[in-house]
Amino acid sequence: MKRWKKAMVVSLVACTLALPGLASAEEMMAKKFNYSGIETMMKDGTELVPLREIAESLGFKVTWNGENRSVTLTKMMMEDKEMMDDKKMEDKTKNESMMKMGNTFVIQIDNKAIKVDMMDEMLMFAPTILNDKTYVPKELVDTYLIK
């Protein structure tokens, strides 16, 4: 009987220790974006993808600022979308204050620095405009936009 209890306690402890590792492994499995049907371009050995097309397909609102040649991507959480659909939000600033972290990106053309929420990050290749479209390195999509 004692052996059985000891085996149960050891098994329970082992499972308890293993569960956080399993969750971390699941979180580390990156989601993949299906780039088929997307017009990609190569520039200086870097694969570039059209930002607006991909960002909008991932649920981001895309805003162009011609004055400083930047693009702002904003993604709303499901509860924010529902509130907007129900017209419960009266003004835009209230809605913006409800945004969750990890959902706002500011990308400037010809600049490797990007803003991810309030944090500054660096890309290996600066976003550029080709054929009147903003193209970004594929790594930006894979690293920041797919969650």
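Reading guide: rules and limits
Residues numbered from 1 in each chain as written. Predicted model: local features only at pLDDT ≥ 70, side-chain atom pairs only at ≥ 80, totals over all residues. Heavy atoms only, no water. Core = buried A, V, L, I, M, F, W, Y, C linked by side-chain atoms within 4.5 Å. Buried < 20%, exposed > 50% of the residue type's maximum accessible area, 1.4 Å probe, protein only. Helix = DSSP H or I, 4+ residues; strand = E, 2+ residues; numbered from the N terminus. Contact = heavy atoms within 4.5 Å. Salt bridge = Lys/Arg side-chain N within 4 Å of Asp/Glu carboxyl O.

Let's shift gears to the nonpolar core. Leu51, Leu73, Leu140 and Leu145 are the most contacted members of the largest nonpolar core, which totals 22 residues. Listed by contribution, the elements that provide at least two residues to this core are helix 2 (51-57), strand 3 (60-65), strand 4 (70-75), strand 5 (104-108), strand 6 (113-116) and helix 5 (138-145). When residues in this core are grouped by element, the largest group, four residues, is from helix 5. Excluding anything up to four places from it in sequence, Leu140 contacts Leu51, Ile107, Ile114, Leu123 and Leu145.

A word on the pattern of salt bridges. Across all of its chains, the model carries four salt bridges by this definition. Glu47 is paired through a salt bridge with Lys138; the nearest N and O atoms lie 3.5 Å apart. In this pair, Glu47 is assigned in strand 2 (residues 46-50) and Lys138 in helix 5, connecting sequence segments 91 residues apart. Its relative accessible area of 23% is what places Lys138 among the partly exposed residues. A salt bridge links Glu56 to Arg52; the nearest nitrogen and oxygen atoms lie 3.1 Å apart. Of the two residues, Glu56 and Arg52 both sit in helix 2, four residues apart, roughly one turn of that helix. Judged by its relative accessible area of 42%, Glu56 is partly exposed.

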